[in-house]
Amino acid sequence: MSDAIIVRNLSYRAGKEFAIRDLAMTVPSGCVYGFLGPNGSGKTTSLRLMLGMLPADYGTINLLGHDVPAGVHKALAKIGYVPERLHLYPQLTVDETIRYHAAFYPDWDSARAEQLRREFALRAEQTVDRLSKGEAGKLMMLLALAHNPDLLVLDEPTDGLDPVVRRDVLAALLEYVSSRGATVLISSHLIHEQERICDHVGIMDDGRLLAEMPMAAFRGGIKRLRVSKAPVERGALPFTLLSRGVSAGREEEWVVRGWQPAMKEYFVAAESELREVIDLDLEESFVELLRSARTPVGMTGEDN
Amino acid sequence: MCEFARRSRRLLFCATLTAVAFAPRAGSAQSVDRLRERLLASSRRAEWLKDSLAELHQMRSHEMPADSIMVGDLKFRFLRSNVGDDVTAELRVAGKRALAVADSVLGDELPRVARETPILVTRSNSRYGEILRVNMVNLEIANGGGRSTLVRAPITQGKLEEAILDLLGTMATSRVPSSVVGWGGEWVPARPTNPEQWEDAAIDMASSKASIARTCYVGSVPACESALALVVVHDPLNEWYTPDGWRILVATWMPPKDADSVLAERMKCLDQKVNASCERLARSRSIPIPLTFGTRSTLMSLAFQRGGRDAYSRMLRAQGTTLQVLAATAGITPDSLIREWHARVIASSPKSASPSPLEATVFIAWALLFGSLAARRRP
Amino acid sequence: MFKQVLYTQWKWSRAELMFCVVGAFIVPTLILRVGYEVVDGYSITNVLGVVGFAGMFFGSLSLFTAFALAWRPYIVDMSLRHVGPLSLPVPWPEFVRLRFLAGATLVLLPTFAVWIGGVIATTTSAIPLTLHAYPGGVALRFLTATLVAYAAGFMLQYVAGKHAVRVAVISFFVVLLLALAASMLGFENVIGKVWNVITTWPGPFSIFNARWMLIDV
């Protein structure tokens, strides 16, 4: 299976405060890749860099086999993009907006566009500036889907939408993905939503990609361990220790990544007692991952 | 110089007294004898003023500044401490360039014209506040009755060259037959006429108040001669102007504010379009020659150009009417000169507003260049 | 693609364009009618003065049209952070070219109105024997001048981006101050020379520096 997006050593600086640092990321073809991260972590900037809308300071990007920025317009013909904010001309009607976009895409499917317009209950003569937030979101999704793209890049597509519209939009997206086998890169800070639809995740924070893994590994790979008589000298750990803190008495709580049942042996060898292994849900895992990135283990107050 | 200044002030005072004493008082009844007496006194006073002025210029010429440079046959006199080396250097170059230009008009006579009298150069430095100064250079014909021209900062070779050419024209005028000088606006052009002047002549002719000038524009040689005031005209108002023209003449003259009868007549002419009123008012003033001095000077210029290097010499020797003198200058018959001049004026009519193919191409190229530059920067 | 870009440009600028079209159609006739009444219509100099006044209107209309067409598209795209054009599958220079051509095409509308308006104005006015009507010439000059001014405005907008207004205003005052200082200090006026270069043939704005005369010698 080839990769839809390959990013290597990507760096970009915007002002004094914010930078994307050494981003390396791979989105396999045919997968739904959740791009997670808190607000301001650099998700939107990374997506805009990948689509050639911002010039990278350093690094390489390959989109559907085309190098960015040289061949980005060829790649964009096969990409459906839903930006974070409305990007459509306010004075145009829904119908005019559809016709405007149709003119630029060689594979535009007018019948499909019309079908989606009806499904989304968008009125053709309504001007864009009169659309509700939900309607605008649906129109952007329509425009992203109507030219049968191989890759969908969705930047917070359901942010601010009510649950009914969100369900409609996601249903259309999933139907398209299942019927076409397209790749989806979806950025969001709504973890639960991502959990339902993504099979890969990448987690951004402060302009860096903290982790990239299959959803299953992310979901099952981060555990909270309750350890008695925890060793002071940790030695070589068989897992990644994300955080460590005192829970009650002489008991400690460790959050670890890459946990396997056979790793219990480490505690036996260290003359400690592993009392409990607790599964974390996606949101807890995400929070622990961010916390560990922001405050390394040896630095926490609880670590003493 | 001090004596000159003192005498000048005294002369100005005398002139003011004379003007006050002999100014006619509106509404006062004067007998013809008293009027004659006053006129005679006035004329004596004018003679005295003229003599005083001549004396002053004579005195001025004795107080010539010490330093001088020769540029060809032109001599500039000045005080080096006043003028400075920078302006002196500019004068040398400007003088050379002016002589080259004037040579194409005055030809073989130029050295004699240039040698006639030196040009006095003075530099002044007016202060505006603490920091700012404005440099000015004055060029004056010695013994030229105060004829001078002022060059304001920035002092450039181009400006000095134009000033020298103006003075050379003035110097050349003094030897030309007086009838031609009066007709040509008291000045002989020392530089060839430029295309803008020819274009102005075409506009003047086509839009003249006088119907005779417009008839000239259409192509009548006698009409051109008349419009240029080169033939004797017995009744200029009727021969040059139509009643509409009279009305325009009246409209362009401002009547005295307190002359009620004139104002009433003017209203009759302009508002009620009574031709008799227009004619009466028009005849009360001198009738302007249909074509302006500027337009007439194009004819003189053409005569110089047509006549070649000895055109100006021929003009100095020529006799007869103005038209005959100009024809002699050009070395062709009067009719040919007028015909050639008319053709040149018509050819110089302003271009239509439409850009020429070359212009259109260049401007479209500019637009495309701007358009392509716009695409070079991504947002 | 061009048709759609043209359509969007039309939608943004149609109010200003219609204003220009109606103005170009009616104002020359009005100026000549009223002008002939106010001044003495039998004086050719006065007639030329009135026609010259109408010419000032054409020059101003040309600048207004250029400004209206050049300013709008970039402002709209800028308010949407250019996401729309940049996410389309066309290279940026190609998109800018389409936008430029769309605006240039729309210049034809007021040009046509100038021509028709000029024809009406001159055929309904008494033209003295020595003068001629040039509605076509004025329309052609209007077209060329508007294109040049539009292209210059378009370039300023797309090169200076969101700072275009600031750049234009600051440049204007800087030039004014330098010119003033240079002339007061008696230095050779470099700015004046630059101004001369751009406003005299073959400088780009020399197209405005001409006789915009519907009726002329």
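Residues numbered from 1 in each chain as written. Chains lettered and ligands numbered in written order. Predicted model: local features only at pLDDT ≥ 70, side-chain atom pairs only at ≥ 80, totals over all residues. Heavy atoms only, no water.

**A few points about the interface of chain C and chain B**
Each partner contributes residues to the interface: chain C has 46 residues there, and chain B has 40 residues. In this assembly, chain C packs against chain B so that about 3,700 Å² is buried in total across both faces, 73% of it on carbon and sulfur atoms. Connecting chain C to chain B are zero salt bridges. Linking chain C with chain B are eight residue pairs in polar contact (both at pLDDT 80 or more), by the criterion used here. Of all elements in the fold, only α2 (44-79), α4 (92-106) and α6 (135-160) of chain C reach the threshold of two or more residues within the side of chain C that touches chain B. Broken down by element, the residue count for the side of chain C that touches chain B peaks at 13 residues, all from α6 of chain C. By residue class, the composition of the side of chain C that touches chain B is 31 nonpolar, 10 polar and five charged. (Contact = heavy atoms within 4.5 Å. Buried area = accessible area lost by both parts, 1.4 Å probe. Salt bridge = Lys/Arg side-chain N within 4 Å of Asp/Glu carboxyl O. Polar contact = N/O pair within 3.5 Å; in protein donor to acceptor, adjacent residues only side chain to side chain. Helix = DSSP H or I, 4+ residues; strand = E, 2+ residues; numbered from the N terminus. Nonpolar A, V, L, I, M, F, W, Y, C, P; charged D, E, K, R; others polar.)

**Quick notes on unusual backbone geometry**
Note that the residue after Val68 of chain A, namely Pro69 of chain A, is joined by a cis bond; omega there is 10 degrees. Secondary-structure assignment places Pro69 of chain A in the loop between β5 (66-68) and α2 (72-76). Cis geometry marks the peptide bond from Trp201 of chain C to Pro202 of chain C; its omega dihedral reads 5 degrees. Its location among the elements puts Pro202 of chain C in the loop between α8 (190-199) and β2 (215-216). Of note, the phi angle at Lys273 of chain B is positive, near 55 degrees, even though the residue is not glycine. Within the secondary structure, Lys273 of chain B sits in the loop between α12 (260-270) and α13 (275-283). Lys273 of chain B sits in the partly exposed class, given a relative accessible area of 44%. (Buried < 20%, exposed > 50% of the residue type's maximum accessible area, 1.4 Å probe, protein only.)

**A word on empty space enclosed by the protein**
Residue and element names in this part refer to chain A. Within this structure, the stated rule accounts for three cavities of 30 Å³ or more. As a volume, the largest cavity reaches approximately 80 Å³. Elements with a contribution of two residues or more to the lining of the largest cavity: β6 (79-82) and α5 (133-145). A per-class count over the lining of the largest cavity returns six nonpolar, five polar and no charged. (1 Å grid on protein atoms, 1.4 Å probe; cavity = no way out; pocket = protein on both sides within 12 Å on 5 of 7 lines; lining within 4 Å. Points joined across faces, edges and corners; volume = space filled by probe spheres on them.)

**With respect to the packing of helix α7 (residues 195-206) of chain B against helix α8 (residues 211-218) of chain B**
When two helices pack together, you describe them by how their axes are tilted relative to each other and by the distance separating the axes. Residue and element names in this part refer to chain B. Interhelical geometry of α7 versus α8 gives an angle of 120 degrees and a closest axis separation of 7 Å. On the basis of their axis angle, the class for α7 and α8 is oblique. Packed against α7, whose contacting residues are Ala202, Met205 and Ala206, the element α8 presents Ala213, Arg214, Cys216 and Tyr217 at the interface. Looking at side-chain class alone, the contact of α7 with α8 contains six nonpolar, no polar and one charged residues. (Axes fitted to C-alpha atoms, helices over the stretch in contact; angles between N-to-C directions. Parallel < 35°, antiparallel > 145°, perpendicular 65-115°, else oblique.)

**As for helix α10 (residues 282-294) of chain A**
Between the first and last C-alpha of α10 of chain A there are 18 Å, a value that for 13 residues agrees with the 18 Å anticipated at 1.5 Å per step. The complete set of buried residues in α10 of chain A reads Leu282, Ser285, Phe286, Glu288, Leu289, Leu290 and Ser292 of chain A. (Expected span 1.5 Å × (residues − 1).)

**Points about the sheet that holds strand β11 (residues 222-228) of chain A**
Residue and element names in this part refer to chain A. Taken in spatial order, the four strands make up an open sheet running β12-β13-β11-β14, and their pairing is antiparallel. In this open sheet, the two edge strands, each paired with only one partner strand, are β12 (240-248) and β14 (273-279). Across the sheet, the mean angle separating the axes of adjacent strands is 25 degrees when strand polarity is ignored. Docked against the sheet, α10 engages β11, β12 and β13 (251-257), running at close to 75 degrees with respect to β11. (Pairing = 2+ DSSP bridges.)

**Notes on the state of the cysteines**
One pass over the full model with this rule turns up two disulfides over all chains. Disulfide pairing places Cys216 of chain B opposite Cys224 of chain B at an S-S distance of 2.1 Å. The sign of the S-S torsion, about 90 degrees, decides the handedness of the disulfide formed by Cys216 of chain B and Cys224 of chain B: right-handed. Cys216 of chain B gets classed as buried once you look at its relative accessible area, which sits at 0%. One disulfide bridge connects Cys269 of chain B with Cys278 of chain B, the sulfur atoms lying 2.0 Å from each other. Residues Cys269 of chain B and Cys278 of chain B share a disulfide whose torsion about the S-S bond is about 100 degrees; that sign makes it right-handed. A relative accessible area of 0% places Cys269 of chain B in the buried class. Its relative accessible area of 0% is what places Cys278 of chain B among the buried residues. Each disulfide of chain B joins two cysteines, and with those cysteines numbered along the sequence the arrangement is 1-2, 3-4. Considering cysteine sulfurs only, Cys198 of chain A is the nearest to Cys31 of chain A, which forms no disulfide, with 8.5 Å between them. By relative accessible area, which is 4% here, Cys31 of chain A ends up buried. (Disulfide = S-S within 2.5 Å.)

**Digging into the side chain of Lys223 of chain A**
By secondary structure assignment, the location of Lys223 of chain A is in strand β11. The residues contacting Lys223 of chain A, other than those within four sequence positions of it, are Trp254, Val255, Val256, Trp259, Val277, Ile278, Asp279 and Leu280 of chain A.

**Re the nonpolar core**
Of all hydrophobic cores here, the largest spans 243 residues; its most connected members are Met50 and Phe218 of chain A together with Phe76, Leu139, Leu168 and Trp341 of chain B. Leave out the neighbours within four places in its chain, and Met50 of chain A touches Ile5, Val7, Leu23, Met25, Phe35, Ile61, Leu63, Val68 and Leu185 of chain A. Ranked by size, the runner-up nonpolar core spans 12 residues in total, among them Val227, Trp259, Met263 and Phe267 of chain A. (Core = buried A, V, L, I, M, F, W, Y, C linked by side-chain atoms within 4.5 Å.)

**Observations regarding the pairing of strand β9 (residues 200-205) of chain A**
Residues and elements named next belong to chain A. Of all six residues making up β9, five are buried, and the element is well covered by its neighbours. Relative to β9, strand β3 (residues 32-36) is paired through four bridges, and the arrangement is parallel. Paired with Tyr33 across the two strands is His200, which belongs to β9. Where β9 and strand β10 (residues 208-214) come together, six bridges link them in antiparallel fashion.

**Comments concerning a nonpolar patch on the surface**
Residue and element names in this part refer to chain C. A cluster of nonpolar side chains, Val22, Phe25, Ile26, Leu30, Val34, Val38 and Ile120, forms an exposed patch at the surface whose accessible area comes to about 590 Å². Broken down by element, the residue count for the nonpolar patch peaks at six residues, all from helix α1 (residues 2-38). Looking at where Val22 falls in the secondary structure, it is placed in helix α1. Given a relative accessible area of 43%, Val22 falls into the partly exposed group. (Patch = residues over 30% accessible without salt bridge, like charges linked within 9 Å, V, L, I, M, F, W, Y side chains within 5 Å. Areas by Shrake-Rupley, 256 points an atom, 1.4 Å probe, with all protein chains shown as cover.)

**Remarks on the pattern of salt bridges**
Two side chains of opposite charge can pair, provided their charged atoms sit close to one another. Residue and element names in this part refer to chain B. Counting across every chain of the model gives 42 salt bridges over all chains. Residues Arg115 and Asp73 are paired through a salt bridge, measuring 3.1 Å at the closest nitrogen-oxygen approach. Taken together, the positions of Arg115 in helix α4 (residues 110-115) and Asp73 in the loop between β1 (67-71) and β2 (74-78) put the pair 42 residues apart, joining distant regions of the chain. Residue Arg115 is classed as exposed on the basis of its relative accessible area of 53%. Here Asp73 falls in the partly exposed class, since its relative accessible area comes to 27%.

**Here we look at the packing of aromatic side chains**
Centre-to-centre distance and the angle between the planes together describe a pair of aromatic rings. On inspection of all chains with the given rule, the structure shows 27 aromatic pairs over all chains. On the basis of an interplanar angle of 70 degrees and a centroid distance of 6.3 Å, the ring pair of Phe239 of chain A and Trp254 of chain A is categorised as edge-to-face. Note that Phe239 of chain A is positioned in the loop between β11 and β12 and Trp254 of chain A in strand β13, a separation of 15 residues in sequence. With a centroid separation of 5.3 Å and 65 degrees between ring planes, the pair formed by Phe100 of chain C and Phe154 of chain C is classed as edge-to-face. Within this pair, whereas Phe100 of chain C is found in helix α4, its partner Phe154 of chain C is found in helix α6, the two being separated by 54 residues in sequence. (Phe/Tyr/Trp six-rings, centres within 6.5 Å; stacked < 30°, edge-to-face > 60°.)

**Observations regarding the pairing of strand β4 (residues 58-63) of chain A**
Residues and elements named next belong to chain A. Taken together, the five bridges between strand β1 (residues 3-14) and β4 define a ladder with antiparallel strand orientation. Paired with Arg8 across the strands is Thr60, a residue of β4. Across three bridges, β4 lies against β5 in antiparallel orientation. Its bridge partner lying in β5, Ile61 is registered against Val68.

**Quick notes on the confidence of the model for chain B**
All names here are of chain B. For chain B, the average pLDDT comes to 85, and 87% of its residues sit at 70 or higher. Every residue in residues 1-5 scores below 50 in pLDDT, and together they form six contacts with partners more than four places removed in sequence or on other chains. Scored below 50 in pLDDT, residues 16-29 shows six contacts in the model against residues more than four places distant or in partner chains. (pLDDT = per-residue confidence, 0-100.)

**What to know about the layout of surface pockets**
The space that makes up the largest pocket amounts to roughly 950 Å³. Mapped onto the lining of the largest pocket, the elements with two or more residues apiece are α2, α6, α7 (164-184) and α8 of chain C. Ranked by residue count, the leading element in the lining of the largest pocket is α7 of chain C, at seven residues. Here the residues of the lining of the largest pocket sort into 22 nonpolar, four polar and no charged. Taken as a whole, the second largest pocket spans an internal volume of roughly 600 Å³. Every residue lining the second largest pocket is counted, 23 residues in all, and those nearest its centre are Glu199, Lys351 and Glu359 of chain B together with Asn209 and Ala210 of chain C. Every element with two or more residues in the lining of the second largest pocket is listed here: α7 and α18 (357-374) of chain B. For the lining of the second largest pocket, the element with the highest residue contribution is α7 of chain B, accounting for five residues. Along the lines of polarity and charge, the residues of the lining of the second largest pocket split into eight nonpolar, eight polar and seven charged.

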